[in-house]
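Fold and contact review
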Number of protein chains: 2
Amino acid sequence: MTRLVVDLGARSYPIWIGEGLLVRAGHLLGDLVGRRRVAVITTPVVRRLHGAALERSLRQAGCELHVLLVPDGERHKTLGSAARLYDQLLARGLERGSPIVAFGGGVIGDLAGFVAATYLRGVPFVQVPTTLLAQVDASVGGKVAVNHPRGKNLIGVFYQPRAVLSDVGVLRTLPRRELAAGLAEVIKCGVIRDAGLFRFVERQAPAILAGDPRWLGTVIRRACAIKAAVVTRDEREEGLRRILNFGHTVGHAVEQLTGYRRYLHGEAVAMGMVAAARLSAALGLCPPAVGERLARLLRQCGLPVELPRLRPAGLLAALEVDKKMGEGYLYAILPEAVGRVVVKPLRAREVVSRLLDRHAA
Amino acid sequence: MTRLVVDLGARSYPIWIGEGLLVRAGHLLGDLVGRRRVAVITTPVVRRLHGAALERSLRQAGCELHVLLVPDGERHKTLGSAARLYDQLLARGLERGSPIVAFGGGVIGDLAGFVAATYLRGVPFVQVPTTLLAQVDASVGGKVAVNHPRGKNLIGVFYQPRAVLSDVGVLRTLPRRELAAGLAEVIKCGVIRDAGLFRFVERQAPAILAGDPRWLGTVIRRACAIKAAVVTRDEREEGLRRILNFGHTVGHAVEQLTGYRRYLHGEAVAMGMVAAARLSAALGLCPPAVGERLARLLRQCGLPVELPRLRPAGLLAALEVDKKMGEGYLYAILPEAVGRVVVKPLRAREVVSRLLDRHAA
């Protein structure tokens, strides 16, 4: 078991990473949950697979447990779902000191986190992520949100959890496609800050995708450490933190234009990263070999690297609503090498024509 | 013109208080609004009475102005109204750097503030309060929220404005009933921290209620200074700040049980303050004369001091959902004298029986 601290002054919190953490949840969370009403927000599938262990452990710590279910899927990460959760929290008498535990993947973490941040002006929030993607990404940084029909995560706040429990054991039940999608975010961390992590994934991708808990623990720890270091220096994304969006501007647009149904988030990010690397090469900021090496690794993991067919007007509209836009420009995150990126404001129109040019070719 | 600073470190902000601030808004806000898209959220009535001055001044500063209207009234301070505002902000292309200006009373400040806090994870927020209540209360402290059918302000966050412009001139069009309701919050500040302010209102109530801008400016400045001093020491209401809720626990319950239609917020607070003072006397924490003096002043201002007839079960349910509840107890704010209160955890059931006993008598 590893314990990593995200250093944010008064809002610092620990991330525990290891096997068998669910059964120790009550013990690890201690005073945060003991003798209180606690809401666990989860999905029917996660509850069926892993609920018993977590719930027993929390009950043993003395909680009065309230399990609230949300249907699976990104399309349920809405203000409407948040409203239904508020109703249930109030009906069950959850108070200011009552923690909300997000038990699931990124959708549950974002939705339950948004609810925790806004219910009674904020109640304690605990993350128990159950996908690789959520363990390496959603669990660090305090971004919580719901989607709007016009785009992803457009309604949200920054709200730090009090603790994160990443149980590597739960990844055993995760489909390989989901493991690969999570690995896309690990690869992202490698490209933006850590060539060593990138090389590690190049060497160990088969073992990681086979679910080896030791290698999984390593990549989770290293990716979380990179993200934590960035977030510590720029909690509210006013500068440096933008680099974490590498692959996400185009990725979000692809997700939105395909109705959040065709691709997993990590798959869309994989395509977005390759698109950004090619754009970087086209602008003369890096050699084409960077994008080729990145595409090779992503393909090896079974991830898509070529954008689907998109209408230029649709892509432009999706990019323009993306909230990483400032003053009419996109902040494009462009690799200079594996391990180093640069942030460049670009016109959305220019990005679209370069992305789709290639596609038409 | 007075400039008061609410000292919250990186989140500090100025409150300007004076006459004729609307026409200087563009100048006072400067870089915050210049050459940007700016959303002004207001009501049809406020826009008709005072919109021209503010809008002209902001346009002269170079803004691209978007005026979004919300119907008047507490019953529109809902998640549904927030959702409609998100739609409009996105449709008009408001970006991360685009400020949202709340131009209206407390309802507009709370609703527009909640939207500003949650739109794209937070955009700059400016308050231009147009009622006495909003100028002395909602504009200081960063509490923003929407109501839930089960109670007031149950969905919200802490989000500080970048600036507050309190134009005393706009109070000329405010009905006397609204002036009196605002004065209730000034009197509250006197009871909790400043016997001198209380005496000042005792002496000057007729002149203040006649709309004398000099006396209005004085009470706004003194009430804001008291609230700012409390909020500076406890931004997120973990201790001291609870004293600002004097009169509000019962006040909120009365508002909710009467459908937010019968009483203005300040009127409900007036009844709640007298109830708290009587409770304090019944518990032996202060002489009965404190409640009598408070009731006399409130009556002099034309404010109600006796609770309406309420069913005990209804009052209990309303108190129990109030989010100032912690671990099954209410934090009751009880005066020890004019100028000094104490916070006491009490069982909601005990509060109800003492409040309604008197009523039955």
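Residues numbered from 1 in each chain as written. Chains lettered and ligands numbered in written order. Predicted model: local features only at pLDDT ≥ 70, side-chain atom pairs only at ≥ 80, totals over all residues. Heavy atoms only, no water.

**As for the interface of chain A and chain B**
Quite often, the size of an interface is put as the accessible area lost when its parts meet. Note the following rule: By definition, residues are in contact when any of their heavy atoms lie within 4.5 Å. Note: buried area is the sum, over both parts, of the accessible area (probe 1.4 Å) each one loses when the two are combined. When a carboxyl oxygen of Asp or Glu lies within 4 Å of a side-chain nitrogen of Lys or Arg, that pair is called a salt bridge. A 3.5 Å cut-off defines polar contacts: any pair of N or O atoms within that distance qualifies, except that in protein one atom must be a possible hydrogen donor and the other a possible acceptor, and neighbouring residues in sequence count only when both atoms are side-chain atoms. Secondary structure follows DSSP: runs of H or I at least 4 residues long count as helices, runs of E at least 2 residues long count as strands, and numbering of each begins at the N terminus. Following the grouping adopted for this structure description, the nonpolar residues are Ala, Val, Leu, Ile, Met, Phe, Trp, Tyr, Cys and Pro, the charged ones are Asp, Glu, Lys and Arg, and the polar ones are all others, Gly among them.
On the chain B side, the residues contacting the 37 residues of chain A number 37 residues. For the pair chain A and chain B, the two sides together bury roughly 3200 Å², of which 54% comes from carbon and sulfur. Across the chain A-chain B interface, the total number found is two salt bridges. A salt bridge links A:Arg96 to B:Glu237; the shortest N-O distance between them is 3.2 Å. Remark: the boundary between chain A and chain B carries twelve residue pairs in polar contact (both at pLDDT 80 or more). If you list the elements that add at least two residues to the side of chain A that touches chain B, you get helix H3 (79-91), helix H4 (106-118), strand E7 (143-148), strand E8 (151-158) and strand E10 (325-326) of chain A. Of the residues assigned to the side of chain A that touches chain B, the class counts are 18 nonpolar, seven polar and twelve charged.

**Describing the environment of A:Val33**
Residue and element names in this part refer to chain A. To be explicit about the condition: In this scheme, a residue with accessible area under 20% of its type's maximum is buried, one over 50% is exposed, and one in between is partly exposed, where area comes from a 1.4 Å probe on protein chains only.
Relative to the elements of secondary structure, Val33 occurs in the loop between helix H1 (25-29) and strand E3 (37-42). We classify Val33 as buried; its relative accessible area is 0%. Linking Val33 and Pro99, residues 66 residues apart in sequence, is a C-alpha distance of 6.7 Å. The contact partners of Val33, leaving out residues within four places of it in the chain, are Gly26, Val38, Leu58, Ala61, Cys63 and Pro99.

**Quick look at the packing of helix H7 (residues 195-209) of chain B against helix H11 (residues 288-300) of chain B**
Residue and element names in this part refer to chain B. For clarity, the cut-off: In this description, a line fitted to the C-alpha atoms serves as the axis of each element, helices being fitted only across the stretch in contact, and the angle between N-to-C directions of two axes falls anywhere from 0 to 180 degrees. An angle counts as roughly parallel when it lies under 35 degrees, as roughly antiparallel when it exceeds 145, as roughly perpendicular when it falls between 65 and 115, and as oblique in every other case. What makes a crossing left-handed is the near helix being turned counterclockwise from the far one by less than a right angle; a clockwise turn instead makes it right-handed.
Running from N to C, H7 and H11 point in directions that differ by 30°, and their axes come no closer than 10 Å. Classified by the angle their axes make, H7 and H11 are roughly parallel. Judged by the sense of rotation from one axis to the other, the crossing of H7 with H11 is left-handed. Touching Phe198, Arg199, Val201, Glu202, Ala205 and Pro206 of H7 are Arg293, Leu294, Leu297 and Gln300, all from H11. In terms of residue class, the contact of H7 with H11 is made up of six nonpolar, one polar and three charged.

**A few points about H3(A)**
Residues and elements named next belong to chain A. We apply this condition: Here the expected length of a helix is defined as 1.5 Å per residue gap, with one fewer gap than residues.
Over its 13 residues, H3 runs 18 Å from end to end, which matches the ideal 18 Å to within 8%, given 1.5 Å per residue. Among the residues of H3, Leu79, Ser81, Ala82, Leu85, Tyr86, Leu89 and Leu90 are the ones counted as buried. Following H3 by one or two positions, Gly93 adopts a phi angle in the positive range, close to 75°.

**Quick look at the packing of helix H6 (residues 176-193) of chain B against H7(B)**
Residues and elements named next belong to chain B. In contact at an axis separation of 8 Å, H6 and H7 are set at 165° when each is read in the N-to-C sense. With respect to each other, H6 and H7 are oriented roughly antiparallel. Our pair here, H6 against H7, has a crossing hand that is left-handed. For the pair H6 and H7, contact is made by Arg176, Leu179, Ala180, Leu183, Val186, Ile187, Cys189, Gly190, Val191 and Arg193 and by Ala195, Leu197, Phe198, Val201, Ile208 and Leu209, respectively. Classifying every residue of the contact of H6 with H7 gives 13 nonpolar, one polar and two charged.

**Some details on the sheet that holds strand E2 (residues 13-18) of chain B**
All names here are of chain B. Threshold: By the convention used here, strands pair only if DSSP detects at least 2 bridges between them.
Taken in spatial order, the seven strands make up an open sheet running E1-E2-E9-E6-E5-E3-E4, and their pairing is mixed. Looking along the sheet, the strands with just one partner apiece sit at the ends: strand E1 (2-6) and strand E4 (64-69). Strand-to-strand twist across the sheet, computed as the mean angle between neighbouring axes with direction ignored, equals 20°. Bridge count for strand E5 (residues 100-104) against strand E6 (residues 125-129) is five bridges, and the pairing is parallel.

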